[in-house]
Amino acid sequence: MHSPKRPEGIAETITVTKVREVLLVTMPSDPDDPTICALQEKTLEAMDQHTVTGLVLDLTRVEILDSYFARTVAETAQMVELMGGETIIAGMRPAVAITATELGVSLGRTRTALNVDRALDMVGRARHPKPRRRA
Amino acid sequence: MTLQECGEIEINVEHDIAIARRAVRDIAAELGFGVTETARIVTAASELGRNVHKYAGGGVMRWRALNKNERNGLELSFEDHGPGIADVDEAMREGHTTGGGLGMGLPGAKRLMDEMEINSAPGTGTTVIVRKWRR
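Residues numbered from 1 in each chain as written. Chains lettered and ligands numbered in written order. Predicted model: local features only at pLDDT ≥ 70, side-chain atom pairs only at ≥ 80, totals over all residues. Heavy atoms only, no water.

### Regarding the overall build of chain A
Piece 1. Along the backbone of chain A there are four helices and five strands.
Piece 2. N-terminal to C-terminal, the α/β element order of chain A is β-β-α-β-α-β-α-β-α.
Piece 3. When each of the 135 residues of chain A is scored for burial, the buried share is 48%.
Piece 4. Of the contacts formed within chain A by residues at least 6 apart in sequence, a portion of 73% connects residues at least 24 apart.
Piece 5. Summed over its atoms, the accessible surface of chain A is roughly 7,000 Å², and 53% of this surface lies on carbon and sulfur atoms. (Helix = DSSP H or I, 4+ residues; strand = E, 2+ residues; numbered from the N terminus. Buried < 20%, exposed > 50% of the residue type's maximum accessible area, 1.4 Å probe, protein only. Contact = heavy atoms within 4.5 Å. Areas by Shrake-Rupley, 256 points an atom, 1.4 Å probe, with all protein chains shown as cover.)

In structure tokens, the structure reads:
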């Protein structure tokens, strides 16, 4: 077995944590459609509630990225940008990157990082000096 | 652990897509597929399972372990009694969509698998069979 069996029924939820000036959004390993759908709302609500310069979307645990998931991620990044923030996608596994590319999905212009650590370094860099929305 | 040779999972609500995906992941891993091959199979299952839910309102995914000429493989069959596909060639074209998606479901799934067959007629439903052989 390559991955341990998870008991069914355990809720796999998105976690949103504020780390300094950044929102860290962590996806569960195999989110169902309603969970993926909740990504946009959770993320944008958190953007609205906290003063942050950007968002790191942690895909370290994610096992597959199908077209629906990829589209939601790309759209969320676009919405975050409209709100004045930047999204960096972090930690995509090799198998996920290979499969998503073969499937034909694209994440648009969204920046990516090898891991969360590097992503946190990237947020706010190569952008306007003070991209804050509110005083 | 002895593996069951075949089985089926009903796809009626959105969450069933995730249940089917998790089942396919465990079956593929037990059949000895590697991490990337398993990700390809699971991603294809996710696209085809979502089609069943989105276009036909529900259906069933059947799976079967294959053994032919000393090669092992996995066959997945997605059956629905929905509206059917009027023009299969057109549906296989890159970028074709009728459901507001990205139009990569069928051609994308075909790229991820080794074989694909589609049987469909308007009014009778659709059956999509995909196979993956172990390298």
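### Concerning the sheet that holds strand β3 (residues 54-58) of chain A
Residue and element names in this part refer to chain A.
Piece 1. With mixed pairing, the five strands of this open sheet are ordered in space as β1-β2-β3-β4-β5. Where the open sheet ends on each side, the last strands, each with one partner, are β1 (15-19) and β5 (111-113). Between one strand and the next, the sheet's axes are offset by a mean angle of 25°, whatever the strand orientation.
Piece 2. Sheet strands in contact with helix α1 (residues 33-49) are β1, β2 (22-26) and β3, and its direction is about 160° off that of β2.
Piece 3. Contacting β3 and β4 (86-90), helix α2 (residues 67-82) runs over the sheet at an angle of about 150° to β4. (Pairing = 2+ DSSP bridges. Axes fitted to C-alpha atoms, helices over the stretch in contact; angles between N-to-C directions.)

### A closer look at the pairing of β1(A)
Looking down a regular strand, the side chains alternate between one sheet face and the other.
All names here are of chain A.
Piece 1. Relative to β2, β1 runs antiparallel, the two sharing five bridges. Paired with Thr15 across the bridge in β2 is Thr26.
Piece 2. The turn joining β1 and β2, which pair antiparallel and follow one another in sequence, is formed by two residues; a positive phi near 50° is taken by Arg20.

### Some details on the environment of Thr38(B)
Residue and element names in this part refer to chain B.
Piece 1. Mapped onto the elements, Thr38 comes out in helix α2 (residues 35-56).
Piece 2. Distance in space between the C-alpha atoms of Thr38 and Arg25 is 6.3 Å, their sequence separation being 13 residues.
Piece 3. Once you skip the residues sitting within four places of it in the chain, Thr38 turns out to touch Arg25, Ala28, Ala29 and Phe33.
Piece 4. Here the side chain of Thr38 touches Gly34 through a polar contact of 2.7 Å, landing on its backbone oxygen. (Polar contact = N/O pair within 3.5 Å; in protein donor to acceptor, adjacent residues only side chain to side chain.)

### Some remarks on the pattern of salt bridges
Piece 1. In total, this model carries 21 salt bridges over all chains according to the counting rule given.
Piece 2. When the shortest N-O distance is used, the salt bridge between Arg111(A) and Glu86(A) registers 2.7 Å. Pair noted here: Arg111(A) is in strand β5 and Glu86(A) is in strand β4, with a separation of 25 residues, a long-range link.
Piece 3. Among the salt bridges present, the one from Arg135(B) reaches Glu37(B), with a minimum N-O distance of 3.9 Å. Here the residue Arg135(B) occupies a position in the segment after β5 (125-133), and Glu37(B) occupies one in helix α2, the gap between them amounting to 98 residues. (Salt bridge = Lys/Arg side-chain N within 4 Å of Asp/Glu carboxyl O.)

### Details of the side chain of Thr110(A)
All names here are of chain A.
Piece 1. As for its placement among the helices and strands, Thr110 is situated in the loop between α3 (94-103) and β5.
Piece 2. Overall, the relative accessible area of 17% leaves Thr110 in the buried class.
Piece 3. In terms of polar contacts, Thr110 uses its side chain to reach the backbone carbonyl oxygen of Leu107, at 2.7 Å.
Piece 4. Discounting chain neighbours no more than four positions away, the residues touching Thr110 are Ala77, Thr87 and Ile89.

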